[in-house]
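Here are the chains, one letter per residue:
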Amino acid sequence: MMRLYSGTVDPYSHRCRIVLFEKGMDFEVIDVDLTNKTEDLAILNPYGEVPVLVERDLVLSEANIINEYIDERFPHPQLMPADPVMRARARLFLYNFEKDLFSHIKDVESDNQETADRARKVIRDNLTQLVPIFGKQNYLMGDEYSMLDVAITPLLWRLGHYGIELPNQASPLLKYAERLFSRPMYAEAMTPSEKAMRK
C-alpha cells in the first residue's frame, strides 16, 4: 500500500492528498509535524520536506513528481493530458505556478509585514491574470478537471488564511474555486487544520 508522509497544513501535501482521493485508491496518510520531524522522514528525504510517497522500494518527493507518478500508475480518472503537446503545456503551467504563486507562500507567512504584503500582492496579481480563462471554460485546461486544477486548489482554499483579497473582477476565479471545493472527494482530502482555515 502507498504511504504518503504529509504535512497537516502543507499546500504541497494537500495537492497529493487530492490526487489520491480523486483516484479512489488504497493508501495511508502519515501526518508529519514539521516542527518536530520524525527520524524516518529524514531517512526518506534528506531535505526533511513533505510530501514523500513510499510504495514498496520506491521513494518519491516533490508534489508534482508524486502526482504524475500516481496519475501514470493509476490512469483513471486521468489528470494529465494524454497528448504529449498538451502534457508539455500542462507541465509548463505547473512550473509557472511554482514560480509565480507558490514560491511566494513562505514570504506571505513571514513575520516581516512588508515582505508579507509584497508577496500577497504578487500572488493576487498573478491569480487575477488567470481570470480571462474562465470566460471560455470551466477548468484551467478546458472543460475537464486536470492536474492544473489540483495544483492550484490548495492556494485558492488558503486565500483568506493568507490574507489575500482578490479584486472584484476576479469573481470568475472565485466561482471556479467553489467548483473545485465542491468536488465529491475534496473534503475527504483535507486535514482538520485545513478545514479550519475557512469558516
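As shown above, the structure is provided for reference.
All values derive from a computational prediction rather than experimental measurement.

1. As for the sheet that holds strand S3 (residues 52-55)
Taking strand neighbours across the sheet as the criterion, the four strands line up as S2-S1-S3-S4 in an open arrangement whose pairing is mixed. Each end of this open sheet is capped by a strand with a single partner; those strands are strand S2 (27-32) and strand S4 (58-61). The average undirected angle you get between the axes of adjacent strands in this sheet is 20°. Sheet topology note: the strand S1 (residues 2-7)/S2 ladder contains six bridges and is parallel. Considered in S2, the bridge of Arg3 is made with Glu28. Where helix H3 (residues 63-73) meets the sheet, it contacts S1, S3 and S4, and its direction lies at approximately 130° from that of S4.

2. Observations concerning the pairing of S4
Bridge analysis of S3 against S4 gives four bridges, and the strand direction is antiparallel. Directly across from Leu53, in S4, lies its bridge partner Leu60. As consecutive antiparallel partners, S3 and S4 are separated by two residues, and within that stretch Arg56 has a phi angle of approximately 50°, a positive value.

3. Some words on the pattern of salt bridges
Going through the model one piece at a time under the given rule, you end up with 12 salt bridges. Where Glu22 meets Arg183, a salt bridge forms, and the shortest distance between an N and an O atom there is 2.8 Å. You can see Glu22 sitting in helix H1 (residues 11-23) and its partner Arg183 sitting in the loop between helix H9 (171-181) and helix H10 (192-195), a full 161 residues away along the chain. In this structure, Arg198 engages Glu178 in a salt bridge whose closest nitrogen and oxygen atoms are separated by 3.2 Å. Taken together, the residues Arg198 in the segment after H10 and Glu178 in helix H9 connect sequence positions 20 residues apart. On the basis of relative accessible area, Arg198 is assigned to the partly exposed category, the value being 31%. Each of Arg17, Arg158 and Glu194 takes part in salt bridges that share partners, so that together they form one network.

About the thresholds
- Residues numbered from 1 in each chain as written.
- Predicted model: local features only at pLDDT ≥ 70, side-chain atom pairs only at ≥ 80, totals over all residues.
- Heavy atoms only, no water.
- Pairing = 2+ DSSP bridges.
- Helix = DSSP H or I, 4+ residues; strand = E, 2+ residues; numbered from the N terminus.
- Axes fitted to C-alpha atoms, helices over the stretch in contact; angles between N-to-C directions.
- Contact = heavy atoms within 4.5 Å.
- Salt bridge = Lys/Arg side-chain N within 4 Å of Asp/Glu carboxyl O.
- Buried < 20%, exposed > 50% of the residue type's maximum accessible area, 1.4 Å probe, protein only.

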